[in-house]
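# Structural features, examined
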Amino acid sequence: MQATKPTHVRYLILLMLFLVTTINYADRATIAIAGSSLQKDLGIDAVTLGYIFSAFGWAYVAGQIPGGWLLDRFGSKKVYALSIFTWSLFTVLQGYVGEFGISTAVVALFMLRFLVGLAEAPSFPGNARIVAAWFPTAERGTASAIFNSAQYFATVLFAPLMGWIVYSYGWQHVFIVMGVIGIVFSMIWLKVIYSPRQHPMINEAEFKHIAENGAMVDMDQDKAKDKQSDGPKWDYIRQLLTNRMMLGVYLGQYCINGITYFFLTWFPVYLVQDRGMTILKAGFIASLPAICGFIGGVLGGVISDYLLRKGHSLTFARKAPIIAGLLVSSSIIACNYVDVEWMVVGFMALAFFGKGVGALGWAVVSDTSPKQIAGLSGGLFNTFGNLASITTPIVIGYIISTTGSFKWALVFVGANALVAVFSYLVIVGPIKRVVLKEPPSNGAAVTNLSQAHS
């Protein structure tokens, strides 16, 4: 590393996180775009489709803690690359389930969605680890918001493409195309991603800047030297689970993801079945709220870091956009009271914009995660958050089956936003870096958890 004008390699790293998260969410959304046609071809009802939608979530949740431990144990680069390749391969295989009989196809599709969820488990904890390693505290909110906003960009970029593929070639092809894109990207990842100290493109000036301003630059190197990183630190997990602030953050993320998984699963079906659109039109319409979500997602992080630089507390800088955005997101309920198509799309866009502004959970995780277990902490956070990937598709499936419409489903989604507001207002309290107490040398249980300002 040479002491010259600072390089900006961290922005290249952020671009890679943005691109991989775009592919990640596009692969999750394939089933939503294909859902209506797939339901018709396989002759399945709304409840069965809801369970197929949820298959991803069961494995994704189960894989969070093991995935976080793998990241802490072996580093972000290799574990994440294997994750990308594997989930993309399982995505490709979904395109061939139609070769089986109907009952076998349903089981095969459920299992492959399950395996995609398991393979994707290290992705967001990996994002949080990489941001914590590469970005100073005052840039972390924007960086986290940018990679998180890729979920909306995925819909903007790929929903029209996937809708066109389904309309022109059939639902099978959307899985094959998206899977191949991911496999290619996994090779690119290995060429570009390194830790700050090992990256061939970074110079001393940039390294010094990020190291002196809060970036955990030696995260992976420290883990490689840690003789006690052979398994999950169960007492560390217990300490996190008995911390009120973290429990409030977990509840908030569960509710925020409830909104996310409505858009990732039932939203295109809603447009086709409740609003009478073709799947081609629904693919394009679905991209409009996603554009607003993308703008809101980036704006939320920028506002949060701006407030931090202006001298506001970390608590205010993170909470203000979260609470304001989620209050706006509850406007999705207004879709029940309008019939004009452009107004429906408008309220959906407003709700998605608000959800984007409020989706700063990963910035909060980067701010609060104990340095010993950044990956494991992110995995635990994502475990709670993605319980919604299981419950939301199933609950909405039962609501539609029971009521015959989406009206109460939209009320359910809006209520999630309001519960998340309550969580951050009442439960979370001050946002601080969690400091874990190490177990005594004799192995006795640790019973206290202390916190210190980040």
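Please read these numbers as outputs of a predicted model, since none were measured by experiment.

## Details of the packing of aromatic side chains
Tallying each qualifying case throughout the model produces 21 aromatic pairs. Note on Trp 171 and Phe 175: the rings are 6.2 Å apart at their centroids and 85 degrees apart in plane angle, and the pair reads as edge-to-face. Of this pair, Trp 171 and Phe 175 both sit in helix H8 (residues 171–192), four residues apart, roughly one helical turn. Among the residues examined, Trp 171 registers a relative accessible area of 3% and is labelled buried. For Phe 175, a relative accessible area of 0% puts it in the buried group. Summarising the aromatic geometry, the rings of Phe 262 and Phe 263 are spaced 5.4 Å apart at their centres and angled 75 degrees between planes, so their arrangement reads as edge-to-face. Through a chain of ring-to-ring contacts, three or more aromatic side chains come together here, namely Tyr 25, Phe 124, Phe 147, Tyr 250, Trp 362, Phe 381 and Phe 384. Between Lys 77 and the ring centre of Tyr 194, over which it is positioned, the NZ or CZ distance is 3.6 Å.

## Description of the domain arrangement of the protein
The domains assigned to the protein are domain 1 (8–211) and domain 2 (233–434). Here the C-alpha centroids of domain 1 and domain 2 sit 18 Å apart. Of the residues lining the interface, 53 residues belong to domain 1; the matching set on domain 2 comes to 56 residues. Summed over both sides, the interface between domain 1 and domain 2 buries roughly 4500 Å², with carbon and sulfur atoms accounting for 72% of that surface. It is Val 61, Ile 65 and Tyr 152 in domain 1 that bury the most area against domain 2; as a group they hold 14% of the surface buried on that side. Counting across the domain 1 and domain 2 interface gives zero salt bridges. For the interface between domain 1 and domain 2, the tally reads eight residue pairs in polar contact (both at pLDDT 80 or more).

## With respect to empty space enclosed by the protein
On inspection of all chains with the given rule, the structure shows five cavities of 30 Å³ or more. What the largest cavity holds in volume is close to 170 Å³. Lining of the largest cavity is provided by 19 residues; of these, Ala 29, Gln 151, Thr 155, Phe 263 and Leu 264 occupy positions nearest its centre. When residues of the lining of the largest cavity are traced back to their parent elements, those giving at least two are helix H1 (9–42), helix H7 (137–169), helix H12 (244–273) and helix H13 (279–309). When its residues are assigned to classes, the lining of the largest cavity shows 16 nonpolar, three polar and no charged.

## Considering a nonpolar patch on the surface
On the surface, Phe 85, Leu 89, Leu 93, Tyr 96 and Met 187 cluster together into a nonpolar patch covering about 440 Å² of accessible area. Sorting elements by how many residues they give to the nonpolar patch places helix H4 (residues 76–94) first, with three residues. Mapped onto the secondary structure, Leu 93 falls in helix H4. Of the residues examined, Leu 93 reaches a relative accessible area of 37% and is grouped as partly exposed.

## Describing H7
The terminal C-alpha atoms of H7 lie 47 Å apart, and with 33 residues this matches the ideal 48 Å at 1.5 Å per residue to within 8%. At Phe 158, H7 is deflected by roughly 40 degrees, the largest bend along its length, and proline Pro 160 occurs up to four residues later in sequence. Residue Gly 170 follows H7 closely and has a positive phi angle near 110 degrees.

Procedures and definitions
- Residues numbered from 1 in each chain as written.
- Predicted model: local features only at pLDDT ≥ 70, side-chain atom pairs only at ≥ 80, totals over all residues.
- Heavy atoms only, no water.
- Phe/Tyr/Trp six-rings, centres within 6.5 Å; stacked < 30°, edge-to-face > 60°.
- Helix = DSSP H or I, 4+ residues; strand = E, 2+ residues; numbered from the N terminus.
- Buried < 20%, exposed > 50% of the residue type's maximum accessible area, 1.4 Å probe, protein only.
- Lys NZ or Arg CZ within 6 Å of the ring centre and 35° of its normal.
- Domains from an automatic or database assignment.
- Contact = heavy atoms within 4.5 Å.
- Buried area = accessible area lost by both parts, 1.4 Å probe.
- Salt bridge = Lys/Arg side-chain N within 4 Å of Asp/Glu carboxyl O.
- Polar contact = N/O pair within 3.5 Å; in protein donor to acceptor, adjacent residues only side chain to side chain.
- 1 Å grid on protein atoms, 1.4 Å probe; cavity = no way out; pocket = protein on both sides within 12 Å on 5 of 7 lines; lining within 4 Å.
- Points joined across faces, edges and corners; volume = space filled by probe spheres on them.
- Nonpolar A, V, L, I, M, F, W, Y, C, P; charged D, E, K, R; others polar.
- Patch = residues over 30% accessible without salt bridge, like charges linked within 9 Å, V, L, I, M, F, W, Y side chains within 5 Å.
- Areas by Shrake-Rupley, 256 points an atom, 1.4 Å probe, with all protein chains shown as cover.
- Expected span 1.5 Å × (residues − 1).
- Bend = angle between axes of the 7 residues up to and from the residue.

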